[in-house]
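# Structure assessment
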Amino acid sequence: MAEISLTGDQMLTVLETVAKKGPVGAADVARTCDINRTVAYRLLVTLEQRAYVRRGHDGYTLGSAIIDLVRHLDRDISSIARPLMATLANAAGETVVLHCLNKDEAVVTEQALGNKHLVRVQHVPGSRHPLHLGASGWAMLAFQDQKTIARIVKKAADPAATMARVEQIQRAGYAISHDELQMGVHGVAAPLLEQSGRCNASLAILVPSVRAEALLALTPKLLETAAHISKQL
């Protein structure tokens, strides 16, 4: 195994700690990362100077450089998906959301809001949730490699039921959920598959429960749009 930079590894660990626990102070970061407090503070100051974290009254939180980095990472898929998402949202009259894979979580990357109804679903860009919750997460989970699927399924409260749902989504080619992340929200999501077969994103239509019956009719349009995006990845 190639040698790694201890300082670099510590800095990434500190950054991940701020992301998961922020706002957080230097003492808590040192304790969580099991490093000297002085070292933790020095790493935090370095990250702050590069805008990867920012210091507030309550402690350190993620900084603007992280947002720029994520935008750069997802620029290609976002630029491809954005106009197609707008077209789908206008046709369906419902909110369309793009999630991207980040470790074992689904992260909201883009959304196009439907404007035909007063009551609609709206996500917060940058928000995240586990892959085994919500249609968008399930759609990505079902199309990961078997090792990843097995690892995530093992953590679920009911592994057998979770695996059965994964297999059902694989057969159908899309995932449906309701009341998993937000009460009163129903969703249908399709994986966005790269030419290599990898799945790093999903596309979803989200509706309030009062229009849940519309999801079945909207699914073909969703799958068609997802296929168009996938071909361009």
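Below you will find a few notes about this structure.

What counts, and where the lines are drawn
Residues numbered from 1 in each chain as written. Predicted model: local features only at pLDDT ≥ 70, side-chain atom pairs only at ≥ 80, totals over all residues. Heavy atoms only, no water. Pairing = 2+ DSSP bridges. Helix = DSSP H or I, 4+ residues; strand = E, 2+ residues; numbered from the N terminus. Axes fitted to C-alpha atoms, helices over the stretch in contact; angles between N-to-C directions. Contact = heavy atoms within 4.5 Å.

Before going further, it helps to spend a moment on the pairing of strand S1 (residues 53–56). Across 4 bridges, the pairing between S1 and strand S2 (residues 59–62) is antiparallel. Looking at S2, one finds that glycine 56 is bridged to glycine 59. Where S1 folds back on S2, the antiparallel hairpin that results is connected by 2 residues.

The sheet built from 6 strands is open, its strands ordered S5-S4-S3-S8-S7-S6 with antiparallel pairing. Each edge of the open sheet carries a strand with a single partner, namely strand S5 (128–130) and strand S6 (175–178). Across the sheet, the axes of successive neighbouring strands diverge by a mean angle of 30°, strand direction being ignored. Judged from the 9 bridges that link them, strand S7 (residues 185–193) and strand S8 (residues 199–208) form a sheet pairing that is antiparallel. Its bridge partner being in S8, leucine 193 is matched across the sheet by cysteine 199. Where helix H9 (residues 215–232) meets the sheet, it contacts S7 and S8, and its direction lies at approximately 25° from that of S7.

Nothing here speaks to function; it is all geometry.
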